[in-house]
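# Commentary on secondary and tertiary structure
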Amino acid sequence: MTDVLLRSGARPVPPPVAALPVTVSSARLTYGGTVLFSDLTLTLEAGRTTCLLGPSGVGKTTLLRVLAGLADPEPPTRVEAGDGRPLGGRIAYMAQQDLLLPWLSVLDNALLGDRLRRRKPDADRVERAIALLARVGLAGRERDRPASLSGGQRQRVALARTLMEDKPLVLMDEPFSALDALTRLRLQETAAETLAGRTVLMVTHDPLEALRIGDRLHVMTGRPAAIGPALEPPGTAPRRVDDPALLALQAELLRRLAA
Amino acid sequence: MRGLARGAVTLAVLLGAWQGLVWLTGLPRYLLPGPLAVAEAMQRQAPLLLQHGLTTLTEILLGLVGGVVLGSLSALTLARFRAAQRWLMPLLVVSQAIPVFALAPLLVLWLGYGMASKIAMAVLIIYFPVTTALFDGLRRTDPGWLDLARTMGATPAATLWAIRLPAALPAFWSGVRVAAAVAPIGAVIGEWVGSSSGLGYLMLHANARMQIDLLFAAVLVLGLFAVALYAAVNALARRALPWQSDTQPAGGLNG
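Here the structure is a predicted model, which means the values were calculated and not measured.

A separate point is the overall build of chain B. Looking only at helices and strands, one finds ten helices and zero strands in chain B. Listing the helices and strands of chain B from first to last along the sequence gives α-α-α-α-α-α-α-α-α-α. Its C-alpha atoms put chain B at 75 × 50 × 30 Å along the principal axes. Looking at chain B as a whole, 36% of its 255 residues qualify as buried.

Right, let's get into the confidence of the model for chain B. Residues and elements named next belong to chain B. When the pLDDT values of chain B are averaged, the result is 87; 95% of them are 70 or greater. Between residues 248-255, whose pLDDT stays under 50, and residues either more than four places distant or in other chains, the model counts 16 contacts. Two numbers describe this predicted complex: its pTM, 0.80, and its ipTM, 0.85.

Moving on: the sheet that holds strand β5 (residues 91-94) of chain A. All names here are of chain A. In spatial order, the strands read β5-β6-β7-β3-β8-β9; together these six strands make up an open sheet with mixed pairing. In the strand order of this sheet, the two ends are held by β5 and β9 (226-227), each with one partner. Bridge count for strand β3 (residues 49-53) against strand β7 (residues 199-203) is four bridges, and the pairing is parallel. Within the sheet, the bridge partner assigned to cysteine 51 lies in β7 and is methionine 202.

This next bit is on the nonpolar core. Counting residues in each nonpolar core, the largest one holds 77 residues, and the members touching the most others are Leu67, Ala110, Ala160 and Leu171 of chain A. Top element by residues in this core is helix α5 (residues 151-164) of chain A. It accounts for six residues. In this structure, this core is formed jointly by two domains, domain 1 (1-89 + 168-174 + 197-259) and domain 2 (91-166) of chain A, each of which donates at least three residues. One finds Phe128, Val176, Leu199 and Leu214 of chain B within the second-largest nonpolar core, a separate group that totals 55 residues.

Thresholds applied
Residue numbers restart at each chain and count upward from 1, following the sequence in its written direction. Each chain takes a letter, starting from A, and each ligand takes a number, starting from 1, following the order in which they are written. Owing to the predicted nature of the model, reporting of local features is limited to residues with pLDDT of at least 70; listing and counting of side-chain atom pairs is limited to 80 or more, with chain, interface and lining totals taken over all residues. A run of H or I in DSSP becomes a helix once it reaches four residues, and a run of E becomes a strand once it reaches two; helices and strands are each numbered from the N terminus. Three exposure classes are used, based on other C-beta atoms lying within 10 Å of a residue's own C-beta, which is placed from the backbone: buried for 20 or more, exposed for 12 or fewer, and partly exposed in between. How sure the predictor is of each residue is captured by pLDDT, a score from 0 to 100. Remark: residues whose backbone-derived C-beta atoms lie within 7 Å of one another are considered to be in contact. Two strands are said to pair when DSSP picks up at least two bridges between them. Here a nonpolar core is just a set of buried residues of the types Ala, Val, Leu, Ile, Met, Phe, Trp, Tyr and Cys, joined wherever their C-beta atoms sit within 7 Å. Residue ranges for the domains originate in an automatic or database domain assignment.

Next comes the structure, spelled out in structure tokens:
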């Protein structure tokens, strides 16, 4: 077993398109008569991982769903991609649950996007899926069914499926929160390494996770919610858990969360 | 195998009690024949039972296929088109308040004394459990899967085909299990109302002539059909759903 504090050395998966900056501005959403947020602005810098932290129920997931096109925001909300084109169809989404289809093999799950778009994956796509599965540590498991995998392995398949989508913006909603501590640390490493160079928004409630793999950390608090200034931890992700600078920043993050 | 052995023991005890009752009470054969008399009738009347059994079996199987196909198409339509759901669902539910058996004479009048009216009867009985089971399954898709499909740019039809339908198959197969259990009832009711062949016809005929041993033999053959059908559907469901965790359904038919 490799030391989780060491880099596992997985190379990043180069994004197929130039990294895209995305801004959501003047966002407003009410739910059941309560204003979740109003006049909220968040900028996702191109090619960097932005982490959104905050207490449960503050609206982090809702904001992510607005970006994913899964929630309908109210005017005057604006979601803008850096190239001026609409964001629809250009995102990859990863949730807290692995959302693997139990009747498909690991390989077919990684290729789910092709199946849903009614496109038969050609040899190139299949080869790429196999390579990605190997990159996330699942070489030789392509034909297995999800039921035979552990929780961590299943979330690795979900990561491979997300990478297979080749989209300029990756949205992750607490992707590792259902895993045990050690598995979570390992998966954070794989994710940080494979996602490097892409524009990523990750919602999390774990300050240490945000500090390990985020480039820019925002804390979202209050009702209606406000988003604080970005905190940028030094060094490149994935950062070591025992990095003293990280521990100092963790105290700062917890202070902001409690505010 | 152990479940099968236990079932055989239970059956033997019941048959023994039955035979004992006949011996003790001395009931005449035309009121209550013992199991031995039934077995003897079964052997003696084997060609007759086979001939009428084949008719009934054909009706059951055709009714099952027709009902499952119609029910599945209805459920898919209801799940795919919201308008169909709004306009047809209430009608479908209310239609179940009509006792299908009351329609049997009408079906015979319309479709004749032959197999068609019995098959229609079986289809009517099977249709509803299959439709509701599959429709419920299609409605209960994990919302997370639907979110994922939306972000992947899937059309509603592609989502239905690639995610909702496979996810609904376990529910569909429980519907087919129920259908397999009620299909023989539909066929036999149809035969009672008017027919010239089939186990239901044979039962009425034997009853009228006080051939109660033959009546029991016909019931036994029908029971064997039902058990075989249930086991066959179970085996099919198992083959169709290898990804489902293999929990044994209640009952020892596969034990």
